[in-house]
Amino acid sequence: MRRARNSTRNGPASMTAPKKRTAILISGRGSNMKSLVEAARRPDYPAEIVVVISNRPDAAGIAWAKEQGIPAIAMDHKLYSDRAHFESQLHGILTTSRVDLVCLAGFMRLMTPEFVALWRDRMLNIHPALLPAFKGLDTHARALATGVKFAGCTVHLVRPEMDEGPILGQAAVPVLPGDTEPDLAARVLAAEHQLYPRILELFARGQIAIDGNKTSSPSDVNETWAKFSPQV
Ligand code: GRF
């Protein structure tokens, strides 16, 4: 059959939106980075990982990214005179790499309000707690000490205040009797590895609406269940 003049070999697929060019910033192990890289291998995933940057040259995640053939750059923050100098170099790399979105994944460096403003609503972070509870470090130890029955993780947009910003998604896990800090950290981390790729997918597709501090997505839970501990 002859093709009509304007049809293409690929049909509607040729009209899909370009993938969002995404940078991942890490400081260490990089397990969340791996989960994003692995998700982005799916042909239909709306983001591609174009560069991984670490502020620590010895970050294990940098070596792994290089093995995967992903451009991976170590920017030792200690070699910069101040935060602004470090960030101007970082911004330069991001713009040269034509980055659309930045995912912080265990990036242990506070950013200036000026840098955050440059990437406003284009920079995501994952935090190992159900924000706004347990901002900052040692979240699991504090959750255990506080006696909460549920812990979890949050992906949010980055704002100048640490661990602030519109919440794009959360995952909750139970705190089990006898949990140690490593037990809880491992349970939360497993949830992080599922949550972050899913949120990046929704966000990159433009499926998360932002209204001030509130966000909404067609994939939001819309059931009226509750989880209980102790059970009722
Ligand atoms: C994760 O728990 C993340 O939530 C927090 O730092 C940790 C980084 O772990 N921001 P990894 O480097 O991704 O393995």
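Residues numbered from 1 in each chain as written. Predicted model: local features only at pLDDT ≥ 70, side-chain atom pairs only at ≥ 80, totals over all residues. Heavy atoms only, no water.

S.K.: Explain the site of the ligand to me, please; I cannot follow it from the model alone.
M.R.: Close contacts around the ligand come from Arg-29, Gly-30, Ser-31, Asn-32, Gly-106, Ile-126, His-127, Pro-128 and Glu-192, and that covers them all. The separation between an oxygen atom of the ligand and a polar main-chain atom of Asn-32 is 2.9 Å. In isolation the ligand has 360 Å² of accessible area, and contact with the protein removes 84% of it. At the level of elements, helix H1 (31-39) and strand E5 (123-127) are the ones that each hand at least two residues to the shell around the ligand. In terms of residue class, the shell around the ligand is made up of 2 nonpolar, 5 polar and 2 charged. When residues of the shell around the ligand are assigned to domains, at least three fall in each of domain 1 (1-119) and domain 2 (125-218). (Near = heavy atom within 4 Å. Polar contact = N/O pair within 3.5 Å; in protein donor to acceptor, adjacent residues only side chain to side chain. Areas by Shrake-Rupley, 256 points an atom, 1.4 Å probe, with all protein chains shown as cover. Helix = DSSP H or I, 4+ residues; strand = E, 2+ residues; numbered from the N terminus. Nonpolar A, V, L, I, M, F, W, Y, C, P; charged D, E, K, R; others polar. Domains from an automatic or database assignment.)

S.K.: What's the story with the environment of Pro-230 in this structure? I'm lost.
M.R.: Note on placement: Pro-230 falls in the segment after strand E9 (214-216). Residues Pro-230 and Asp-82 lie 148 residues apart in sequence; the distance between their C-alpha atoms is 50 Å.

S.K.: Explain the domain arrangement of the protein to me, please; I cannot follow it from the model alone.
M.R.: Accessible area lost upon the coming together of the parts serves often as the stated size of an interface. Along its sequence, the protein is organised into domain 1 (1-119) and domain 2 (125-218). Computed from C-alpha atoms alone, the centre-to-centre distance between domain 1 and domain 2 is 21 Å. A combined buried area of about 1,600 Å² lies between domain 1 and domain 2, and 69% of that area is made up of carbon and sulfur atoms. When residues of domain 1 are sorted by the area they lose upon contact with domain 2, Asn-32, Pro-46 and Leu-104 head the list and together hold 28% of the total. (Buried area = accessible area lost by both parts, 1.4 Å probe.)

S.K.: Please clarify how the packing of H1 against helix H6 (residues 181-204) should be interpreted in this entry.
M.R.: When two helices pack together, their arrangement is given by the angle between the helix axes and the distance between those axes. Relative to each other, H1 and H6 sit at 45°, their axes nearing to 9 Å. With respect to H6, the element H1 is oriented oblique. With respect to the hand of their crossing, H1 and H6 are arranged in right-handed fashion. Across the interface between the two elements, Ser-31, Asn-32, Ser-35, Leu-36 and Ala-39 from H1 touch Leu-189, Glu-192, His-193, Tyr-196, Pro-197 and Leu-200 from H6. (Axes fitted to C-alpha atoms, helices over the stretch in contact; angles between N-to-C directions. Parallel < 35°, antiparallel > 145°, perpendicular 65-115°, else oblique. Left-handed = near helix turned anticlockwise from the far one by under 90°. Contact = heavy atoms within 4.5 Å.)

S.K.: Just to check I follow, could you spell out the packing of aromatic side chains for this structure?
M.R.: Note on aromatic pairs: each is described by the distance of the centres and the angle between the planes. Counted according to the given criterion, the structure contains 1 aromatic pair. Where Tyr-80 meets Phe-86, the ring centres are 5.4 Å apart and the plane angle is 85°; that geometry is what we call edge-to-face. The exposure class of Tyr-80 is buried, given its relative accessible area of 18%. The ring of Phe-86 carries Arg-109 above its face, with NZ or CZ at 5.5 Å from the centroid. Lying across the ring of Trp-119, Arg-122 places its NZ or CZ 4.2 Å from the centre. (Phe/Tyr/Trp six-rings, centres within 6.5 Å; stacked < 30°, edge-to-face > 60°. Buried < 20%, exposed > 50% of the residue type's maximum accessible area, 1.4 Å probe, protein only. Lys NZ or Arg CZ within 6 Å of the ring centre and 35° of its normal.)

S.K.: Would you mind going over helix H5 (residues 139-146) with me for this structure?
M.R.: Owing to its 3.6 residues per turn, the α-helix brings residues three or four apart onto one side. Of all the positions in H5, only Thr-139, His-140 and Ala-143 are classed as buried. Down the axis of H5, the smallest arc covering the buried residues is 95°, so these residues share one side. Residues of H5 that are buried in the fold lie against E5 and H6. Phi turns positive, to about 85°, at Gly-147, one or two residues after H5. (Arc of directions from axis to C-beta.)

S.K.: Quick question: what am I supposed to make of the packing of H1 against helix H2 (residues 60-67) here?
M.R.: Axis separation between H1 and H2 bottoms out at 10 Å; the angle between their running directions is 20°. Considered as vectors, H1 and H2 are oriented roughly parallel to each other. Crossing hand, H1 versus H2: right-handed. Here Met-33, Lys-34, Val-37 and Glu-38 of H1 lie close against H2, whose contacting residues are Gly-61, Trp-64 and Ala-65. Partitioned by chemical class, the residues of the contact of H1 with H2 number 4 nonpolar, 1 polar and 2 charged.

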